[in-house]
Amino acid sequence: MRDIDELRSLTAGRLLTIWRENQDAEPLERALLCNAQVLAESCFFRGEPVFENREAVLAELTGRQMEQLLRTLAGGRQPRPAGENPTFDQERFLRLKGE
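The paragraphs below set out a description of the structure included in this document. (Residues numbered from 1 in each chain as written. Predicted model: local features only at pLDDT ≥ 70, side-chain atom pairs only at ≥ 80, totals over all residues. Heavy atoms only, no water.)

Right, let's talk about the sheet that holds strand E3 (residues 48-49) for a bit. Spatially, E1-E2-E3 is the arrangement adopted by the three strands of the open sheet, whose pairing is antiparallel. Each having just a single partner strand, strand E1 (6-7) and E3 make up the two edges of the open sheet. Note that strand E2 (residues 43-45) and E3 share two bridges and pair antiparallel. Its bridge partner being in E3, Phe44 is matched across the sheet by Pro49. Helix H2 (residues 27-42) contacts E1 and E2 of the sheet and is inclined by roughly 30° relative to E2. (Pairing = 2+ DSSP bridges. Helix = DSSP H or I, 4+ residues; strand = E, 2+ residues; numbered from the N terminus. Contact = heavy atoms within 4.5 Å. Axes fitted to C-alpha atoms, helices over the stretch in contact; angles between N-to-C directions.)

This paragraph deals with the environment of Glu52. With respect to the helices and strands, the residue Glu52 is situated in the loop between E3 and helix H3 (54-60). Taking the C-alpha atoms as reference points, Glu52 and Glu41, separated by eleven residues in sequence, lie 8.7 Å from one another.

Another aspect to go through is the nonpolar core. With 19 residues, the main nonpolar core has Ile4, Leu39, Cys43, Phe51, Val57, Leu61 and Leu69 as its most contacted residues. Counting residues per element, this core draws most heavily on H2, which supplies five residues. Other than its neighbours up to four places away in sequence, Val57 contacts Ala36, Leu39, Ala40, Phe51 and Met66. (Core = buried A, V, L, I, M, F, W, Y, C linked by side-chain atoms within 4.5 Å. Buried < 20%, exposed > 50% of the residue type's maximum accessible area, 1.4 Å probe, protein only.)

This is the structure we're talking about:
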């Protein structure tokens, strides 16, 4: 998976537009196409889009990778930099350190 250092949330209006643009697709296909479009518009690295379009997302990411990015985006969090320990809890570390 490519490096992603920023996830930008889409407006509710944009999400609705993406959903409506794919209304003719079968349910599973619609979900994949919509999710891929959301990620194509939300994933950035150093201020530049990571994916050119939804087809690039579908060609590169697995379903699990898409799900992880969408959960991170929905939770309002940002992706961890490459090489960072994904289980490290910064808040807990600071509490234990006494800060």
